[in-house]
Each structure stands twice: as structure tokens, then as C-alpha cells.
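Observations on the three-dimensional arrangement
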Amino acid sequence: VPVPYSCAHRPSAAHSSTISNSSHHASGQQICTPKVDIMFMKTHKTASSTFLNILFRFGEKHHLKFAFPNSRNDFFYPSPFHRSQVKDYRPGMCFNIICNHMRFNAAEVAKVLPADTSYITILRDPADLAESSFHYFGRVVPLTWKLSGDDKLREFLTDPKLYYDPEGFNSFYLKNLLFFDFGQDNNLHPDDPKVDEAIQAIAKRFHLVMLVEYFEESLILLKDALCWDMEDLLFFKLNARKGSTISKLTPELRAKAMEWNAIDLKLYQYFNATFWEKVDAYGRERMARDVAELQRRNAEMASICIEGGHAVDAGSILETSMQPWQPIGEKSIMGYNLKKNVDKAHRKLCRKMLTPELQYLTDMGVNLWITRLWGHIREILHW
């Protein structure tokens, strides 16, 4: 049975808005209360670490209770989510937010969150996601070790079945990863009726499906749907790769990546269409104004918080606490240096906005001993 109520420590203050889930105030303005019960389905390689930082700060602001994993930074992915994986879980416990990587299992998720929880997720262009996943996870998929050329992605996409075993260890990272993350069979034929049934189930369950390529527009839709403030949306791009490691897919390779990830393509195309329906309902001009305002505020925060105003290579990050997790054998994920002498009014917010995911989880009391142990093993092996 889903938890029937929110366990927020105190009601969030109502404020005026123009969103659809509000009631009218006598003055003609609409009044709504921020929604605080949120399930964020954190998909892989989709700017989800950036959104997680937004959620962490929102949760702290409203004194919310997170359902965190125990001993690591995900819910024992790729095993399907089960409520017993939640740190300190007991039947009947109430949580407001769950947001760490998992393999989605709707029935189990519903048992740890209030019945009216808002379900949010994010998708990415399947070709770009396939390239990013190959770069980040390729070395933990044993069959790819047979790839010998300088351009391993091209070699893989030329004949992926040579290097792909549906039952192979970590093989899901290389084919229809989004569909797999949602708890589905990533090896179905794209025309199998189960694919369309799964997409419809996702559409029914999730209130908002954001798109990486339109991240700011996605945040504005989120603000509208959940009655948040613009200040809740402020962000710096976290876990981004440096430009020299980003492969520019040729039209030929992009087409091959789309063909190989045909289910993810169907998923993305469906929610790309519904996304722009929501934008049209919001109003294109209004959206453009709000995106410009968000960009202005983010640029202002960057000038206040970030040394040099931009991300730097891993080797140039001065504080250990600001070092992001790196893929095996790489130092390709960029990070930031916190500006010295940030004024007192912004110091705390700046540090939180720049803190990578693992460090933020540790700050919030999550014991990541398995993740840390794996990190130490990688250091010893020079991975």
C-alpha cells in the first residue's frame, strides 16, 4: 500500500503563480503550494547529476526526507528496485524524495512514497546517449575488450553483434540503456507490442519527462508543474565531459547508433512529441522569457561562485572535495574551483551548487563504503 500522506516536516509556504494546479486567490492571482513528494527516475548519461543537485538543495530547503540507498550511490543497479534497498527502511515509513540510480520497479517505488507523488524523469537523444555510454561504461563490458582500433565506437557500431551478448556482463550499457533503466527488456524487437505497452505505461506513470537537449525548458515546465520558485532551478552543469573527449558522430555513425538503439529511439520520439505539446500549452513566448531569466540568474551565480567563471579539467580542480567521479582509465569529467572570498550571503549556496554527487550524498549522511572501496581499488590498479 502506498504511503498515503506527505512526511514533510512542515507545510511549504504557498505563493502566487500562474500554474494549472493552483486555486484562485481573491485578488485574481493564483495561489499554490510547492509539491515536495517527488520520484526522480535518474537515467544514465542524461544530465541527471545536475538535476540531482537541484533536488538535494530543494530537499534541504524544505527539510524533506530522502529515501537513500545504503552503502553505495545507487539502489544496487542493475537489480530491479526493491524497498528493502532503502537505507533504514521499515514498513510504513514515509519518504518525500527518491532520486538515486535504480532499475525502475513501479510497484516497489510506490511502497515508499505518498500516493500523490510527482514522478519525473529525463531522456536524451539516443545516438548521443549511446556515444556517451560507450565512452563512460565501455571498459566494464568485457566483450568490448576485443575492440582494437583507435576509433572503438566506429568499430563497434559497424557490426555491434560481434561485440554484444544479450546475456553478457554489463551488456545493457551498450543497447537501449534508457529502456533498460525503466525496468524493461532492452533486447526486444522494436516492433514487439511489449515496447509500445511499456512506453504507454511510462507515459501514464510519469507526470513530466524532461529532455537533456532542452534542459532549461524542462526546468521551467517542472517549475510550472510543481509550483517551485525560479531560485529552486539554479544550476551549474555537473559531470560534463571535456570537449576533447566528445566524439562528433558522423551522419553515418549516428544512423547506425539510432538503428542499434531503436527502442530508445521510439521512447525518445514519443516523449519529444509530448514535451513540445506541454511547451505549446505553456506558451512559446512565455517559455522564451522564463528561459532567458533562468540563464541570466545562472550566469550571475557563475560570476559569484566559480573561479574563472567556467569548468576546468580534473587535474586543475584544487579541492579534493570538488573532484567528480571519473570513468575507468579516464580523467575526462570536468569540475569547478570555488571562488575565493565569496561573500557570506552566497558562500553556502555556491559550495552546494558546485559539490559533485558523491560528496553531496556523503554530506547528507549516506554511507558510501562500497562505492569508496571500489574507488580505492581503481586507484591501486591505476584505473
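Residues numbered from 1 in each chain as written. Predicted model: local features only at pLDDT ≥ 70, side-chain atom pairs only at ≥ 80, totals over all residues. Heavy atoms only, no water.

As a reminder, the rule being used: UniProt positions are given in the numbering used here, feature names are shortened, and annotations may be inferred rather than shown by experiment.
Named according to an unreviewed UniProt entry, the chain is Galactosylceramide sulfotransferase originating from Cirrhinus mrigala. Under Sequence similarities (unreviewed entry), UniProt gives the following word-for-word description of the chain: "Belongs to the galactose-3-O-sulfotransferase family."

**As for the state of the cysteines**
Convention followed: Pairs of cysteine sulfur atoms within 2.5 Å are identified as disulfides in what follows. Secondary structure elements are defined from DSSP: runs of H or I of at least 4 residues count as helices, runs of E of at least 2 residues count as strands, and each element is numbered from the N terminus. Three exposure classes are used, based on accessible area relative to the maximum for each residue type with a 1.4 Å probe and protein chains only: buried under 20%, partly exposed in between, and exposed over 50%.
What the rule picks out here adds up to 2 disulfides. Here C32 is linked by a disulfide to C227, with a sulfur-sulfur distance of 1.8 Å. Handedness of the C32-C227 disulfide follows from its S-S torsion of about 75 degrees: it is right-handed. Note that C32 is positioned in strand β3 (residues 30-32) and C227 in the loop between α7 (215-226) and α8 (251-260), a separation of 195 residues in sequence. The exposure classification of C32 matches that of C227, with both residues buried. The disulfide partner of C305 is C350, and the gap between their sulfur atoms is 1.9 Å. The disulfide joining C305 to C350 has a torsion of about -70 degrees about its S-S bond and is therefore left-handed. Linking C305 in helix α10 (residues 284-305) with C350 in helix α11 (residues 344-354), this pair joins segments that are 45 residues apart in sequence. A residue is classified by how much of its surface remains accessible, and C350, at 0% relative accessible area, is buried.

**A word on helix α6 (residues 193-205)**
Quick reminder of the rule: To estimate how far a helix should reach, multiply one less than its number of residues by 1.5 Å. Throughout, the arc means the angular range of directions from the helix axis out to the C-beta atoms. Contacts are residue-level and defined by heavy atoms, with any inter-residue pair within 4.5 Å sufficient. Pairs of N or O atoms are called polar contacts if they sit within 3.5 Å, as long as, within protein, a hydrogen donor faces a hydrogen acceptor (for residues adjacent in sequence, only side-chain-to-side-chain pairs).
Between the first and last C-alpha of α6 there are 19 Å, a value that for 13 residues agrees with the 18 Å anticipated at 1.5 Å per step. Of the residues making up α6, those classed as buried are V195, A198, I199 and I202. With its buried residues spanning 100 degrees around the axis, α6 presents them on a single face. Among the exposed residues of α6, those pointing more than 90 degrees away from its buried face are P193, K194, E197 and K204. Looking at the packing, one finds that the buried side of α6 touches α5 (177-181) and α9 (262-282). Capping of α6 at its N-terminal end is provided by D192; its side-chain oxygen lies 2.8 Å from the backbone amide nitrogen of K194.

**Here's the deal with the sheet that holds strand β5 (residues 97-98)**
Put simply, the rule is: Think of it this way: DSSP has to see at least two bridges between two strands before they count as a pair. Comment: axis = line fitted to C-alpha atoms, over the contacting stretch for helices; angle = value between 0 and 180 degrees taken between N-to-C directions.
Reading across from one edge, β5-β4-β6-β7 is the order of the 4 strands in this open sheet, with parallel pairing throughout. At either end of the open sheet lies a strand with only one pairing partner, and these are β5 and β7 (208-211). Summarising the sheet, strand β6 (residues 118-123) and β7 pair through 4 bridges and their orientation is parallel. The partner of I122 across the bridge, within β7, is M210. The strands touched by α7 within the sheet are β4 (38-41), β6 and β7, with β7 carrying the most contacts at an inclination of about 160 degrees.

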